[in-house]
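# Structure assessment
As a plain string of letters, each chain reads:
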Amino acid sequence: MTQESAVSLSDDVAAFREKVLRKLTYSVGKDPEHASDYDWFEAVALAARDRIIDHWMECTRQTYKDGCKRVYYLSLEFLIGRLLVDSLSNLGLLEVAREALADLDVDIERIRLVEPDAALGNGGLGRLAACFMESMATLGVAAHGYGIRYDHGLFRQAIVDGWQHEQTETWLDFGNPWEFERPEVSYLIGFGGHVTAMPAEGGGEPKHFWHWAEGVRAIAYDTPIVGWRGASVNTLRLWRARAEADFHLERFNAGDHIGAVAEEARAQSISRVLYPADSTEAGQELRLRQEYFFVAASLQDLLRRHLDQRGTLDNLPDYAAIQLNDTHPAIAVAELMRLLVDVHGLDWQRAWRLTTATLSYTNHTLLPEALETWPVGLMERLLPRHMQIIYLINAHHLDCLRDRGVHDADLLRSVSLIEEDHGRRVRMGNLAFLGSYSVNGVSALHTQLMRKTVFTDLHGLYPQRINNKTNGITFRRWLYQANPHLTRLLVENLGEALLDDPETRLRGLEPFAEQAAFRQRFAEQRLANKRHLAALIQERVGVSVDPHALFDVHVKRIHEYKRQLLNLLHTVALYHAICADPGGDWVPRVKIFAGKAAASYHQAKLIIKLANDIARTINDDPTVRGLLKVVFLPNYNVSLAEDIIPAADLSEQISTAGLEASGTSNMKFALNGALTIGTLDGANVEMSEQIGLEHMFIFGLTAQQVEARKRAGEFNAEATIIGSRRLSEVLSAIRGGAFSAEDPGRYVGLVDGLSWHDTYQVCADFEAYWQAQLDVEARWRDPDSWWRSAVLNTARTGWFSSDRTIREYASEIWKVM
Ligand code: 26Q
């Protein structure tokens, strides 16, 4: 450090220290003697926030002045996690804050931990939205995120006696220093009621009036999102629901206190809680109310902004690009049409042209049970005008096809917005597709499968519409913040410039893979992270693990298609093998699992119980002498991921091929130098192209093979089981109660289900997986080879930066770059 920069750093430290003290005194209302960790957190957050506000206002002014096109990212989920280190680090204030606090005898590491996670999302889709917000701020894309400010984010998972229990998550209990309430930014959102039509003067389209029965107020809460080096600051605007004040007051004054309070409660319930991703319980009325509530508020808000600046809606697509994060905001198609036609008086044709030039849609799943549909009856009751509009869109769409000479009844049925077979339902995927000019998948394979499966007929009609945008992750959070040890090592060897351009500069690491000394240091930073994780495991679940063992990590939502069960079968097989030859030369391994199951997804919850039963049995068995340990860490969330991922040696990405749209933790692990054991699914395919198959452990059926087996009806696994002694032994042990002596029948259904109908090809892939795991062990025994591959994984993962992804969206979809 030069003398000059040392002086300016110490000035900065002194200034920041004073600022924090002022915040502590005058905003938090505490003196340093009596301040709790949380008080300090709040004071630092407020001090950082002041810095952000300067940039924020500057950016807002600038965007307004430039009058450039804006991006609106509509998502029911933003899985943000903690923001303190994120903000400080992006502002370049992390070291300043660390020293300033040290001067005050406060450890920044300790206060970092008291910030609650903003868990406003379920998993990949929500975290992707958060990474995108950060990348857009970094790249200077003028963007607004729109979503819901849930009182309660994703439930907290407690493990009691091995079973998952859901507890209410209360991130707002002590307030939220990052947000700004904007009571003046508020819109009235209608529900229910009926529609009347008035003939237009002089013929033409009749005018429609929606007389809604219930009004709910949406109030804006803004959180600034800072880009790397404070490049720019965008806004995440989340809506909170309140009862309509006048309505409320009227009833109150009329003496109907109970009614008024009930009204308030009903309105507020809309922003009460995030729905857990759940394939079984979709279609609930409250969910549809949430979807419409935030879409309606967001569209009104952005149309108002546009009209303020441009005075006309004719050029909306030139100044606004609205991205729909999955079908959750797909009602935007009908709502935008309603606003343009009913409220702003545009004719239908023009409104449709504007709508389909403004909206674009990202699909995140091919699982048929996860594609949203809503009963027509519910839609008619809750959103009667929207249902009419959907019928109209459908009529135009089908007429237009008939005009083009399409008369095939099956084809028309498949591309219709209405599903007629299982009670009449609105297909939100088809609505989003038709209402958008771009429809994208999230990995090359997934996009290909969209064209070939769910959207095959629509794709045939609109062959230009589907495109691919492979997901990415922000390296600021998933490398710089989560893994300071590795980041320091990289900066020492590749220079500071790496931090500004990791996408290209990480490649510079490749030659280092050949240097023994560098590999050694690479392994050392990993070991430090593993020690940290080992301490966390000891503290959270009371299991002691050896940091020198291979850390084999499987963390993500619990779902059958993600095949945690396959990993558990391998765990038991390994256990059996060790028991059969306890003196053998085994690779010591720690199997680490974490993840939440949707509350009503019984099979997933049973898999969690099985993991815990297996863990208990193996960890207590003296025969394995700690050669194998199994850990299920409760309450997986963003912060826990930041502790786990940098400590992983092996990353489990073993979904049934064709079912994981992309995966993003696969990228986080590889960036941090873990080796992947995985199927050719989602973004694993592109990872293997970047990294090289020889530096991963790829196994199992391909998507094509899975598809062929499905077509042939090959689900029965009895023959496979009989053919594999190892698998048979594992299954009969589990089935017979070897891990559940207190309830020996607990897993009979699970195991029998696997053999009769192995929907996710767990048995079919078992032997291949076992072999791949043997390859893992062989590699681990050869440290030069292992760490060489580890370094190359980091070196070759630059392409998976969400900056790259956002540049692709910006230039190819949004046309803002
Ligand atoms: C739907 C209806 C009612 C209630 C909840 C839902 C719901 C909520 C969340 C359905 C799905 C989700 C989340 C899906 C998700 O996270 N998908 C993941 O998206 C990632 C980002 O693209 C991909 O990497 C993963 O492959 C994909 O599974």
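Rules behind the numbers
Residues numbered from 1 in each chain as written. Predicted model: local features only at pLDDT ≥ 70, side-chain atom pairs only at ≥ 80, totals over all residues. Heavy atoms only, no water. Helix = DSSP H or I, 4+ residues; strand = E, 2+ residues; numbered from the N terminus. Rg over C-alpha atoms; globule rule 2.2 N^0.38 Å. Buried < 20%, exposed > 50% of the residue type's maximum accessible area, 1.4 Å probe, protein only. Contact = heavy atoms within 4.5 Å. Areas by Shrake-Rupley, 256 points an atom, 1.4 Å probe, with all protein chains shown as cover. Lys, Arg positive; Asp, Glu negative; His and termini not counted. Charge placed at Lys NZ, Arg CZ, Asp CG, Glu CD. Near = heavy atom within 4 Å. Polar contact = N/O pair within 3.5 Å; in protein donor to acceptor, adjacent residues only side chain to side chain. Nonpolar A, V, L, I, M, F, W, Y, C, P; charged D, E, K, R; others polar. Pairing = 2+ DSSP bridges. Axes fitted to C-alpha atoms, helices over the stretch in contact; angles between N-to-C directions. Expected span 1.5 Å × (residues − 1). Salt bridge = Lys/Arg side-chain N within 4 Å of Asp/Glu carboxyl O. Core = buried A, V, L, I, M, F, W, Y, C linked by side-chain atoms within 4.5 Å. Arc of directions from axis to C-beta. Parallel < 35°, antiparallel > 145°, perpendicular 65-115°, else oblique. Phe/Tyr/Trp six-rings, centres within 6.5 Å; stacked < 30°, edge-to-face > 60°. Lys NZ or Arg CZ within 6 Å of the ring centre and 35° of its normal. Left-handed = near helix turned anticlockwise from the far one by under 90°.

### A few points about the overall build of the protein chain
When helices and strands are tallied, the protein chain shows 34 helices and 24 strands. A globule of 817 residues ought to have a C-alpha radius of gyration of about 28 Å, and the protein chain, at 27 Å, matches this closely. Along the first, second and third principal axes, the C-alpha atoms of the protein chain reach 95 × 75 × 55 Å. Here the protein chain, with 817 residues, has 61% of them falling under the buried criterion. Here the contacts in the protein chain between residues at least 6 apart in sequence split such that 77% fall between residues at least 24 apart. Here the protein chain displays about 30,600 Å² of accessible surface, and carbon together with sulfur accounts for 52% of that area. Within the protein chain, one finds 86 positive and 108 negative side-chain charges whose respective centroids are separated by 2 Å.

### Describing the site of the ligand
Around the ligand, a shell composed of 19 residues is seen, among which L125, H364, N471, E660 and G663 lie nearest. Measuring from an oxygen atom of the ligand, one finds a side-chain N or O atom of H364 at 2.6 Å. Within the contact set of the ligand, an oxygen atom lies 2.6 Å away from a side-chain nitrogen or oxygen of E660. When residues of the shell around the ligand are assigned to their parent elements, the largest contribution, three residues, is made by helix α6 (residues 124-139). By residue class, the composition of the shell around the ligand is seven nonpolar, eight polar and four charged.

### Some details on the sheet that holds strand β11 (residues 233-243)
The strand order β7-β10-β11-β4-β1-β12-β13-β17-β18 describes an open sheet built from nine strands, whose pairing is mixed. Each having just a single partner strand, β7 (180-191) and β18 (466-468) make up the two edges of the open sheet. Here the strands of the sheet are splayed against their neighbours by 25 degrees on average, with no regard to which way each runs. Across four bridges, strand β12 (residues 320-325) lies against strand β13 (residues 359-362) in parallel orientation. For I322, the partnering residue across the bridge sits in β13 and is L359. Across the face of the sheet, helix α12 (residues 348-358) comes into contact with β12 and β13 while running at roughly 40 degrees to β13.

### Some words on helix α14 (residues 384-403)
With 20 residues, α14 ought to run about 28 Å at 1.5 Å a step, and its terminal C-alpha atoms sit 29 Å apart, in line with that. If you check which residues of α14 are buried, you get P384, R385, H386, M387, I389, I390, I393, N394, H397, L398 and L401. Just beyond α14, the residue with positive phi is G405, at close to 90 degrees.

### What about the side chain of N672?
Its location among the elements puts N672 in the loop between α26 (665-671) and β23 (675-678). Taking the relative accessible area as the measure of exposure, N672 reaches 1% and is therefore buried. Not counting the four nearest positions on each side in its chain, N672 is found in contact with W478, L479, N483, L486, F522, R526, I645, P646 and T794.

### Comments concerning the pattern of salt bridges
Tallied over the entire structure, the rule returns 65 salt bridges. Salt-bridge contacts for E166 lead to K605; the nearest nitrogen and oxygen are separated by 2.7 Å. Here K605 lies in helix α24 (residues 602-620) and E166 lies in strand β6 (residues 163-167), a separation of 439 residues in the sequence. The partly exposed category is assigned to E166, whose relative accessible area is 32%. Measuring nitrogen to oxygen at the nearest pair gives 2.7 Å for the salt bridge that ties D552 to R589. A residue pair is termed long-range when its members are at least 10 positions apart, and D552 in strand β19 (residues 550-555) and R589 in strand β20 (residues 589-594) qualify at 37 residues.

### Concerning the side chain of S724
Mapped onto the secondary structure, S724 falls in the loop between α29 (718-723) and α30 (725-735). Classification of S724 by relative accessible area gives buried; the value is 5%. Residues in contact with S724, not counting those within four places in the same chain, are F766 and E767.

### Concerning the nonpolar core
F16, L88, M136, W239, F293, M379 and I390 are the most contacted members of the largest nonpolar core, which totals 152 residues. Examining the composition of this core, we find that 13 residues originate from one element, helix α2 (residues 37-66), more than from any other. In this structure, I390 is in contact with I331, A334, M379, L417, I418, V426 and L431, ignoring residues within four places of it in sequence.

### Considerations on the sheet that holds β23
Pairing within the open sheet is parallel, and its six strands lie in the order β21-β20-β19-β22-β23-β24. Here the strands that pair on one side only, and so sit at the sheet edges, are β21 (628-633) and β24 (697-698). Both β23 and β24 contribute to a ladder of two bridges, which runs parallel. Its bridge partner being in β24, G678 is matched across the sheet by I698.

### Thoughts on helix α4 (residues 94-103)
Regarding α4, the residues found buried are L94, V96, A97, A100 and L101. The arc enclosing the buried residues of α4, seen along the axis, measures out at 160 degrees, which places them on a common side. Phi turns positive one or two residues past the end of α4, at D105, with a value near 65 degrees.

### Things to note about the environment of R217
Tracing the backbone shows R217 in strand β10 (residues 214-226). Leave out the neighbours within four places in its chain, and R217 touches S186, Y187, L188, R240, A241, R242, A243, E244 and F293. Side chain to side chain, R217 and S186 meet in a polar contact 2.6 Å long.

### Digging into the packing of helix α32 (residues 762-780) against helix α33 (residues 783-795)
Where α32 meets α33, the axes come as close as 6 Å, and the angle between the chain directions of the two elements is 105 degrees. One element, α32, and the other, α33, form an angle in the roughly perpendicular class. Seen from α32, the contacting residues are V776, R779 and W780; seen from α33, they are P783, S785, W786, W787 and S789. Taken together, the residues of the contact of α32 with α33 break down into five nonpolar, two polar and one charged.

### What about the environment of L324?
Its location among the elements puts L324 in strand β12. On the basis of relative accessibility, which here comes to 0%, the residue L324 falls in the buried class. C-alpha of L324 to C-alpha of E510: the two residues are 186 residues apart in sequence and 38 Å apart in space. Ignoring any residue separated from it by four or fewer positions in sequence, one finds L324 in contact with L74, P329, A330, A332, L359, S360, Y361, T362 and S436.

### Some thoughts on the packing of aromatic side chains
A full pass over the atoms with the stated rule returns 24 aromatic pairs. Through a chain of ring-to-ring contacts, the aromatic side chains of F512, F518, F522, F697, W780, W786 and W787 assemble into a single cluster. Just above the ring of F191 sits the side chain of R289; from NZ or CZ to the centre is 4.7 Å.

### With respect to unusual backbone geometry
Even without glycine at this site, D105 takes up a positive phi of about 65 degrees. Relative to the elements of secondary structure, D105 occurs in the loop between α4 and α5 (108-112). We note that D326 has phi near 70 degrees; this positive angle belongs to a residue other than glycine. Within the fold, D326 resides in the loop between β12 and α11 (332-343).

### A word on the packing of helix α23 (residues 564-580) against α24
Relative orientation of the contacting elements α23 and α24 amounts to 15 degrees, with a least axis distance of 10 Å. One way to sum up the angle between α23 and α24 is to call them roughly parallel. In the packing of α23 onto α24, the handedness of the crossing is left-handed. Between α23 and α24, the residues in contact are Q564, L565, L568, T571, V572 and Y575 and I607, L610, A611, I614, T617 and I618, respectively. Grouping the constituent residues of the contact of α23 with α24 by class yields nine nonpolar, three polar and no charged.

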